[in-house]
Amino acid sequence: MAVAAPVPDLAARATDCADRLREADRVLLASHIDADGITSAAIASTAFARAGIDHEVVFEKQLNADSIAGIAAREFDVVCFTDFGSGQLDVIADHETRGDFVPVIADHHQPADSDTRYHLNPLLEGIDGASELSGAGASYLLARALEGPDGDNRDLAGLAVVGAVGDMQDSTDGLVGANESIVADGVDAGVLDARTDLDLYGRQTRPLPKFLEYASDVRIPGITNDEAGAISFLADVDVDAKRDGEWRRWVDLDAEERQRLASALMRRAVASGVPADRIESLVGTAYTLVDEEPGTELRDVSEFSTLLNATARYERGDVGLAVCLGDRGDALAEARRLLRTHRKNLSEGLQWVKSEGVTHEENLQWFDAGSRIRETIVGIVAGMAVGSPAVDRSKPVIAFAEESAEELKVSSRGSHALVRQGLDLSAVMREASRSVGGDGGGHDVAAGATIPLDERDAFLAAADRVVGDQLS
């Protein structure tokens, strides 16, 4: 018996796309190379395989006229774009008109001023693509529409949640909107557990002192970024933080021990003068993939998404895809190696921003890393900087890094508080980049662009003006 569509408002679009894919002899599945894009590809590829749809998978760092022309040259009758495609619809539509391929798009980014028949995007039905449905979520709706008589695809909901969290869609209330329906599917299918827990990164893998020391979203004086302070704090709590001489992890504690440690952390935060709303955000919804091995990065949705990001940022989307498709041997070992490199580079990048500082304009702040920070991770470093004392949280931060001899990569990060005041970095990046001969887009809280190398200052002037208009 067919299970009800998780997001009824998008069911007709999903069914239309699924019907067209079933008709195809072969499909090229093209996806974005980040955590959301890799999970999008894994969900779609699994659903295609189950539906008997012959397909190949390719990843693109960015979808532009050149990469779309390359896709067209592959001579597939049907191309399915996941986690991108909407923002490039004007270019894609030109290829469709010429008969190069039929596009099927499952995306959540702001569409360009063009349309195509097979277009699954929450924004087309009034659902927020930045906070309510990710690219992986759109891919999941497509997978659900592809279900056959032999069973449903609800077991793919876990990967859709990894994608949504990797796309920064989980707020202090957890996942909301259409994402909640996907969480419910995953829980019903027995692949996902969602419960209230301490909302700090590293519940599965980090030893308790590191778990507390590195929890920088809520800064607790004497614990955050203070290894000795974290160890001292643990010594004062009635919890055996070590066993057989080894530090335990959050996942190793029983429910009573977790409660004692969480309560002590709250008391310390209150005593340190941390604002009440920040203290509340110490607790949130933890999403666990119950079929994965406890104590591994794959068990916790946040840690899984970070692992995938580490493959994506070093252009090894194939490794991340293999992990998502179940490879727990060579692919997982390579992903873990990439994660170690990724963490080292992020740490060095953030240290560079802290030591060099940022430059303040009237409405924004920025830094130019040149070639010192890899262009694929400069946006993540900018996001980490937003949570550190290095930047002013009342302004968005813009980061530059060299993409090539001719182009600069631009990444921007804001806060949800600024978005509530009217900030939309997607519009800022698109308008400012196009004014200097580049292009960009993304989400309201995080967006990016590519601009000519010598247009940085003109871009900054335009971006500063647009941010000022939005926040005035």
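Parameters at a glance
Every residue gets a number counted from 1 within its own chain, in the order that chain's sequence is written. Under the rules for a predicted model, residues below a pLDDT of 70 receive no local features and side-chain atom pairs below 80 are neither given nor counted, while totals for whole chains, interfaces and linings still include all residues. Side-chain metrics rest on all non-hydrogen atoms present in the structure, leaving aside hydrogens and water. For our purposes a nonpolar core is just a set of buried Ala, Val, Leu, Ile, Met, Phe, Trp, Tyr and Cys residues, chained together by side-chain atoms within 4.5 Å. The buried label goes to any residue with under 20% of its type's maximum accessible area, the exposed label to any with over 50%, and the partly exposed label to all in between, with areas taken from a 1.4 Å probe on protein chains only. We call two residues contacting when some pair of their heavy atoms lies within 4.5 Å. For two strands to be treated as a pair, DSSP must find at least two bridges joining them. A run of H or I in DSSP counts as a helix once it spans at least four residues, and a run of E counts as a strand once it spans at least two, with each numbered from the N terminus. We place a 1 Å grid over just the protein atoms. Points where a 1.4 Å probe fits but has no way out form a cavity, open points with protein on both sides within 12 Å along at least 5 of 7 lines form a pocket, and any residue with an atom within 4 Å of a point lines it. Grid points are joined across faces, edges and corners, and a volume is the space filled by probe spheres set on the points. Here the nonpolar group is Ala, Val, Leu, Ile, Met, Phe, Trp, Tyr, Cys and Pro; Asp, Glu, Lys and Arg are the charged ones; every other residue, Gly included, is treated as polar. UniProt positions are given in the numbering used here, feature names are shortened, and annotations may be inferred rather than shown by experiment. Only the stretch in contact is used when a helix axis is fitted, and all axes are lines through C-alpha atoms; the angle between N-to-C directions ranges over 0 to 180 degrees. With the strands aimed away from the viewer, a crossover counts as right-handed if its path from the first strand over the helix to the second runs clockwise. For this analysis, a ring pair means two rings from Phe, Tyr or Trp (six-membered ring only for Trp) whose centres lie within 6.5 Å, classed as stacked if their planes differ by under 30 degrees, edge-to-face if by over 60, and tilted for the remaining angles. We call a charge positioned above a ring when the Lys NZ or Arg CZ atom is no farther than 6 Å from the ring centre and deviates by at most 35 degrees from the ring normal. Crossings are sorted by hand: turned counterclockwise from the far helix by less than a right angle, the near helix makes the crossing left-handed, and turned clockwise it makes it right-handed. Note that the term roughly parallel is reserved for angles under 35 degrees, roughly antiparallel for angles over 145, roughly perpendicular for angles of 65 to 115, and oblique for everything else. A side-chain nitrogen of Lys or Arg and a carboxyl oxygen of Asp or Glu constitute a salt bridge if their distance falls within 4 Å.

1. Digging into the nonpolar core
Within the largest apolar cluster, 66 residues are counted, with the highest numbers of intra-cluster contacts made by Leu21, Phe48, Leu142, Val161 and Phe304. The residues touching Val161, leaving out its near neighbours within four places in the chain, are Leu175, Ile182, Val183, Leu192, Tyr287 and Val301.

2. Quick word on the sheet that holds strand β5 (residues 119-120)
The strand order β2-β1-β3-β4-β5 describes an open sheet built from 5 strands, whose pairing is parallel. Each edge of the open sheet is held by one strand with a lone partner, namely β2 (55-60) and β5. Judged from the 2 bridges that link them, strand β4 (residues 102-106) and β5 form a sheet pairing that is parallel. From the neighbouring strand, Ile105 faces β5, where its bridge partner is His119.

3. Some thoughts on the side chain of Ser412
Relative to the elements of secondary structure, Ser412 occurs in strand β13 (residues 407-413). The residues touching Ser412, leaving out its near neighbours within four places in the chain, are Val397, Ile398, Leu425, Met429, Val445, Ala446 and Ala447.

4. A look at empty space enclosed by the protein
With the rule as written, the count across this model stands at 1 cavity of 30 Å³ or more. Each pocket or cavity is described by its volume, and for the largest cavity that value is around 40 Å³. In terms of lining residues, the largest cavity is bounded by Leu200, Leu212, Ala215, Val218, Ile220, Ile223, Thr224, Leu265 and Leu282. Classifying every residue of the lining of the largest cavity by side-chain character gives 8 nonpolar, 1 polar and no charged.

5. A look at the UniProt feature "domain: DDH" (unreviewed entry) in the chain
Here the UniProt feature "domain: DDH" (unreviewed entry) sits at residues 27-163. Annotation note: span residues 27-163, helix share 37%, strand share 18%, distance between end C-alpha atoms 22 Å.

6. Let's talk about the sheet that holds strand β15 (residues 446-452)
Read across the sheet, 6 strands follow the order β10-β11-β12-β13-β15-β14 without closing on themselves; strand pairing throughout is mixed. Every other strand in the sheet has two partners, leaving β10 (359-360) and β14 (439-442) as the edge strands with one partner each. Where strand β12 (residues 397-402) meets β13, 6 bridges bridge the pair, whose relative direction is antiparallel. Bridge pairing in β13 places Ala401 opposite Lys409. Against the sheet, helix α15 (residues 378-386) touches β11 (365-368), β12 and β13, its axis set at about 30° to β13.

7. A look at the pairing of β11
As defined by bridge partners, β10 adjoins β11 across 2 bridges and the pair is classed as antiparallel. Bridging from a neighbouring strand, Thr359 pairs with Trp366 of β11. Of the strand pairs in this sheet, β11 and β12 are connected by 4 bridges, and their pairing is parallel. Pairing of Asp368 across the sheet is with Phe400, part of β12. Traced from β11 through α15 to β12, the parallel crossover comes out right-handed.

8. Looking at the environment of Asp150
With respect to the secondary-structure elements, Asp150 resides in the loop between α5 (135-145) and α6 (157-166). In this structure, the C-alpha to C-alpha distance between Asp150 and Ala51, residues 99 residues apart in sequence, is 9.8 Å.

9. Quick notes on the packing of aromatic side chains
According to the stated counting rule, one finds 6 aromatic pairs in the structure shown. For the ring pair Phe81 and Phe84, a centre distance of 6.3 Å and an interplane angle of 65° mean the geometry is edge-to-face. Phe84 shares its class with Phe81; the two are buried. Aromatic rings pair up to connect Phe81, Phe84 and Phe101 into one cluster. Against the face of Phe76 rests Arg26, its NZ or CZ located 4.0 Å from the ring centre. The residue whose ring lies beneath Lys242 is Trp247, and the NZ or CZ to ring-centre distance is 4.8 Å.

10. Some words on the environment of Ala335
As for its placement among the helices and strands, Ala335 is situated in helix α14 (residues 330-356). For the pair Ala335 and Arg316, spaced 19 residues apart in sequence, the C-alpha to C-alpha distance is 8.7 Å. Filtering out sequence-adjacent residues up to four positions away, Ala335 remains in contact with Leu307, Thr311, Val319 and Val323.

11. Observations concerning the packing of helix α1 (residues 11-23) against α5
Helix-helix packing is described using two parameters, namely the angle between the two axes and the distance between the axes. Running from N to C, α1 and α5 cross one another at 65°; their axes reach a closest spacing of 8 Å. Note on packing geometry: the crossing formed by α1 with α5 is right-handed. Here α1 contributes Ala14, Thr15, Cys17, Ala18, Leu21 and Arg22 to the contact with α5, which in turn contributes Leu141, Leu142 and Ala145. Class assignment for the residues of the contact of α1 with α5 results in 7 nonpolar, 1 polar and 1 charged.

12. Re the packing of helix α13 (residues 317-324) against α14
Running from N to C, α13 and α14 point in directions that differ by 130°, and their axes come no closer than 9 Å. Regarding the angle of α13 to α14, the classification is oblique. For α13 against α14, the interelement crossing comes out left-handed. Side by side, α13 and α14 meet where Val319, Ala322 and Val323 of the first sit next to Ala331, Leu332, Glu334 and Ala335 of the second.

13. Some remarks on the layout of surface pockets
Counted as a void, the second largest pocket has a volume near 290 Å³. Class assignment of the residues belonging to the lining of the second largest pocket gives a composition of 7 nonpolar, 3 polar and 4 charged.

14. Topic: the pattern of salt bridges
Using the criterion set out here, one finds 31 salt bridges in the structure. Put simply, Lys210 and Glu213 hold a salt bridge, and the shortest N to O gap is 3.3 Å. You can see Lys210 and its partner Glu213 sitting in helix α8 (residues 208-213), 3 residues apart, about one turn around the helix. The buried category is assigned to Glu213, whose relative accessible area is 9%. A salt bridge links Lys210 to Glu227; the shortest N-O distance between them is 3.5 Å.

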